[in-house]
Amino acid sequence: MRLFDDVVPALGRAFFGSVAGGARELDDAHRAIRQGVPTSRRIAFASLRGGTGCSATAAAIATVLARRRSGRVLGVDGAAGTRSFAAHAGADRTGPTPPSERRSAARTSWDATDGLAVTSAGLHVLRTGDPSLASRQAAPADWTDAVDPIARFFDVVVGDWGSRSPFVDLGAVAADAHVVALVTGPDRPSVEEGVAHADAIRRHAPGSRVIVVPVDTTGAGLRAARTAADWPGHAVHPIPNDPSTTRGGDRPTASRIALIQLTAALVDAAVDRRPTATATTPEVSR
């Protein structure tokens, strides 16, 4: 699944107005994805409830980064469930990562990657939590203990926190990350809820950036989400329906484009903390 290379030949007027224009936009996104980072950057994915496509989207973004960046990328799987980040990313092992004394006192990149699962894209995957309770989400303290000793050895850390309480864990998510991708359903109430909680996250952790990511998991469409993408002062980045996450096969072009652009927006936000314009995707016909 070559998310970037396979897109450009398939572009047409339905997506960007012209093949040349679409190629330029993707080239800009490619440069953003590959840009240098001053120190390790942390991108956190979280949702307010299950079934939003949070883990699948986080895994796709981490895969794009691993394929496109020259430095190491770490994916942290802290969400419960059988269809986990590790499974979506195609890790060679999807169970909880065994403890490692080398990782906990890492002094080199060899120590930092000790015992981690790896995907075909070169993404290193750490599944946090209690190995004896694989269905339990990682507590914030578990996350810190597992990630902090090794994060500096990776260019980018993409964390899947899964569904988290807005009153308990979202504060910890924001405190841990440079940018938070708050994944929601595509309907208007879900998007409005996500935007409201994005405001709360920014108040709680002023240094954090938040992008609301409505994902069309049911094929219902993204009309409400695209309307929200035009609201001033908010970053809303819709992701079209992607049947490949449940049925397998190739990812649709519209979904690949949106994921590439979301990846670029997340890296930009993680590197540059200054206020930026709303992140949007191009109008895509369904």
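Residues numbered from 1 in each chain as written. Predicted model: local features only at pLDDT ≥ 70, side-chain atom pairs only at ≥ 80, totals over all residues. Heavy atoms only, no water.

**Some details on the overall build of the protein**
For clarity, the cut-off: Numbering of helices and strands starts at the N terminus; helices are DSSP runs of H or I of at least 4 residues and strands are runs of E of at least 2. Residue burial is assigned from relative accessible area. The probe radius is 1.4 Å, only protein chains are included, and a residue is buried under 20% of its type maximum, exposed over 50%, and partly exposed in between. Every residue pair with non-hydrogen atoms within 4.5 Å of one another is taken to be in contact. The Shrake-Rupley method, run with a 1.4 Å probe sphere, supplies the accessible areas, and residue values consider only the shown protein chains as cover.
The helix and strand tally for the protein stands at 12 helices and seven strands. Looking at the protein as a whole, 55% of its 286 residues qualify as buried. In the protein, of all internal contacts separated by at least 6 residues, the share reaching a separation of at least 24 is 74%. Of the roughly 12300 Å² that the protein leaves accessible, carbon and sulfur atoms contribute 51%.

**A few points about the nonpolar core**
The condition is simple: Think of a nonpolar core as a cluster: buried Ala, Val, Leu, Ile, Met, Phe, Trp, Tyr and Cys residues, connected wherever their side-chain atoms sit within 4.5 Å.
Phe45, Leu65, Phe85, Leu123, Ile211, Val213 and Leu266 are the most contacted members of the largest nonpolar core, which has 44 residues in total. Secondary structure elements with two or more residues in this core: helix 2 (19-34), strand 1 (41-47), helix 3 (54-68), helix 4 (85-89), strand 5 (156-163), strand 6 (179-184), strand 7 (209-214) and helix 12 (253-271). Take this core: its biggest share by element is 10 residues, from helix 12. With residues up to four places along the chain from it excluded, the contact list for Phe45 reads Cys54, Thr57, Ala58, Ile61, Val158, Gly159, Asp160, Trp161, Gly162, Ala181, Val183 and Leu266. One finds Ala106, Leu116, Ala151 and Val191 within the second-largest nonpolar core, a separate group that totals 35 residues.

**Some details on the pairing of strand 4 (residues 124-127)**
We count it as follows: Between any two strands, pairing holds if DSSP finds at least two bridges.
Every second residue of strand 4 is oriented toward a common face, with His124 and Leu126 on one face and Val125 and Arg127 on the other, all of them buried. Pairing of strand 3 (residues 117-118) with strand 4, which is carried by two bridges, proceeds in the antiparallel orientation. Paired with Val118 across the bridge in strand 4 is His124. Taken together, strand 3 and the strand that follows it, strand 4, pair antiparallel across an intervening segment of five residues, in which Gly122 is found at a positive phi of about 90°.

**A word on the side chain of Thr119**
By the secondary structure assignment, Thr119 is in the loop between strand 3 and strand 4. With sequence-adjacent residues up to four places away left out, Thr119 is seen in contact with Ala89, Gly90, Ala91 and Val125.

**Let's talk about the confidence of the model for the protein**
For the record, the criterion: The predictor attaches a confidence to each residue, and that confidence, scored 0 to 100, is pLDDT.
Averaged over every residue, the pLDDT of the protein is 83; residues scoring 70 or more account for 81%. Across residues 4-19 the pLDDT falls below 50, and counting only partners more than four positions away or on other chains, this stretch makes 39 contacts in the model. The low-confidence segment residues 274-286 (pLDDT under 50) makes 35 contacts with residues lying over four places distant or belonging to another chain.

**Regarding the pairing of strand 1**
Across the seven residues that make up strand 1, a large majority, seven, are buried. Side chains of strand 1 alternate between two faces, with Arg41, Ile43, Phe45 and Ser47 and Arg42, Ala44 and Ala46 buried alike. Alignment of strand 1 against strand 5, held across seven bridges, turns out to be parallel. When the sheet's bridge partners are listed, Ala46 is paired in strand 5 with Gly162. The sheet contact formed by strand 1 and strand 6 spans five bridges and is parallel. By the bridge assignment, Ile43 is partnered in strand 6 with Val179.

**Describing the pattern of salt bridges**
Which entries qualify depends on this criterion: In the sections that follow, a salt bridge refers to a side-chain nitrogen of Lys or Arg positioned within 4 Å of a carboxyl oxygen of Asp or Glu.
For the structure shown, the criterion picks out 12 salt bridges. Here Arg31 ties to Asp27 by a salt bridge, and the two come within 2.5 Å at their closest N and O atoms. Pair noted here: Arg31 and Asp27 are both in helix 2, with a separation of four residues, about one helical turn. For Arg31, the salt bridge is made with Asp28, and the minimal N-O distance between the two is 2.3 Å. On the criterion of helical spacing, the pair formed by Arg31 and Asp28 is a turn pair, its members being three residues apart in helix 2. According to the relative accessible area criterion, Arg31 is partly exposed, its value standing at 49%. Salt bridges sharing common partners tie together Asp27, Asp28 and Arg31.

**Notes on the environment of Thr52**
Of note, Thr52 is situated in the loop between strand 1 and helix 3. In this structure Thr52 comes out as buried when scored by relative accessible area, which is 7%. Sequence separation of Thr52 and Pro186 is 134 residues, and the distance between their C-alpha atoms is 8.7 Å. In contact with Thr52, other than residues within four places in its own chain, are Ser47, Val183, Thr184, Gly185, Val215 and Thr217.

**What to know about the side chain of Thr263**
Here Thr263 is to be found in helix 12. Judged by relative accessible area, which is 1%, Thr263 ranks as buried.

**What to know about the environment of Pro149**
Tracing the backbone shows Pro149 in the loop between helix 7 (140-147) and strand 5. On the accessibility criterion, Pro149 (17% relative accessible area) is buried. The sequence separation of Pro149 and Ser104 amounts to 45 residues, and the corresponding C-alpha distance is 5.6 Å. When residues no more than four places from it in sequence are discounted, the contact partners of Pro149 are Arg103, Ser104, Ala106 and Thr144.

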